[in-house]
Amino acid sequence: MFYLFMKLVHIFSVFIYGGFLFTDNLFFARIQEKVTQQEYAKMRELFMTFVRKVVPKSLIVAVISGIYLFYENFGVIADEGLNSFQIVLIIKAFFGLWLGLRGILQVFFKINPLVFKSHRFPFLVVIIIIALSQVMHFV
Ligand code: HEM
């Protein structure tokens, strides 16, 4: 029951974080083509004001719930080494932890994004993570 609860927490928190990245990259960025630079800067500032209230916290929740799910799912490493599920899960967790670390450093400690500045790269990483999370049980 607790596992199910944590899984739901994980799904909803990644839904909020991923939803923001989808909205920003696919829709909000396109507004830029239709308004002046000053108007866009004002709209972006307002948009980010609301985003900052919710999204960084849900990223932290995603990482914490993800660590719990990882702990419950990973299992023991056999004598032959890691199985395919464990390998894909490690890759998924690495990307998730990296996104989490990057986001937390940026928002709470004002340390600029590790490696990439735009939201396009996290967007791509989230798509990869979602795909990995769906295939890992079947590899
Ligand atoms: C922003 C980062 C993350 C995203 C977008 C994300 C996304 C997802 C999604 C979509 C699922 C599939 C849920 C389902 O199909 O029922 C999932 C499951 C899972 N995630 Fe994450 N995740 C993130 C971070 C993490 C982290 C950091 C870890 C571990 C350290 C992690 C560990 C897991 C595990 C173990 C599962 C499998 C749960 C199960 O099948 O019961 N995730 N994640």
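Here, the structure is the one placed above.
Quick caveat, the model's predicted, so the values are computed rather than measured.

What counts, and at which threshold
Residues numbered from 1 in each chain as written. Predicted model: local features only at pLDDT ≥ 70, side-chain atom pairs only at ≥ 80, totals over all residues. Heavy atoms only, no water. Helix = DSSP H or I, 4+ residues; strand = E, 2+ residues; numbered from the N terminus. Near = heavy atom within 4 Å. Axes fitted to C-alpha atoms, helices over the stretch in contact; angles between N-to-C directions. Parallel < 35°, antiparallel > 145°, perpendicular 65-115°, else oblique. Left-handed = near helix turned anticlockwise from the far one by under 90°. Contact = heavy atoms within 4.5 Å. Nonpolar A, V, L, I, M, F, W, Y, C, P; charged D, E, K, R; others polar. Core = buried A, V, L, I, M, F, W, Y, C linked by side-chain atoms within 4.5 Å. Buried < 20%, exposed > 50% of the residue type's maximum accessible area, 1.4 Å probe, protein only. Patch = residues over 30% accessible without salt bridge, like charges linked within 9 Å, V, L, I, M, F, W, Y side chains within 5 Å. Areas by Shrake-Rupley, 256 points an atom, 1.4 Å probe, with all protein chains shown as cover. Salt bridge = Lys/Arg side-chain N within 4 Å of Asp/Glu carboxyl O.

Glancing now at unusual backbone geometry. Not every positive phi belongs to a glycine, and Lys 110 is a case in point at roughly 55 degrees. Its place among the elements puts Lys 110 in the loop between helix H3 (84–109) and helix H4 (120–135).

What follows is about the site of the ligand. Around the ligand sit 22 residues, and of these Tyr 3, His 10, Lys 92, Gln 134 and His 137 come closest. At the level of elements, helix H1 (2–31), helix H2 (37–73), H3 and H4 are the ones that each hand at least two residues to the shell around the ligand.

Here we come to the packing of H3 against H4. Across the interface, H3 lies against H4 with an axial gap of 9 Å and an inter-helix angle of 150 degrees. By the angle between their directions, the pair H3 and H4 is classed as roughly antiparallel. Between H3 and H4 lies a crossing of left-handed hand. For the pair H3 and H4, the contacting residues are Val 88, Ile 91, Lys 92, Phe 95, Gly 96, Trp 98, Leu 99 and Arg 102 in the first and Phe 121, Pro 122, Val 125, Val 126, Ile 128, Ile 129, Leu 132 and Ser 133 in the second. Here the contact of H3 with H4 is built from residues that sort into 12 nonpolar, two polar and two charged.

Take the nonpolar core next. Counting residues in hydrophobic clusters, the biggest one holds 16 residues, and the most contacted among them are Tyr 17, Phe 20, Leu 21, Phe 47, Val 51 and Leu 99. Among the secondary structure elements, those contributing two or more residues to this core are H1, H2, H3 and H4. Considering every element that reaches this core, the biggest residue donor is H2, with six residues. In this structure, Leu 99 is in contact with Tyr 17, Leu 59, Pro 122, Val 125, Val 126 and Ile 129, ignoring residues within four places of it in sequence. Grouped together as the second largest cluster of nonpolar side chains are six residues, Phe 74, Phe 85, Leu 89 and Met 136 included.

A grouping of Met 1, Leu 4, Leu 8, Phe 12 and Phe 15 is seen on the molecular surface, where their side chains present a nonpolar patch of about 630 Å² in accessible area. Looking at the secondary structure, you find Leu 8 in helix H1. Judged by relative accessible area, Leu 8 falls into the partly exposed class, the value being 42%.

We now examine the side chain of Ser 65. By the secondary structure assignment, Ser 65 is in helix H2. With sequence-adjacent residues up to four places away left out, Ser 65 is seen in contact with Met 6, Val 9, His 10 and Ser 13.

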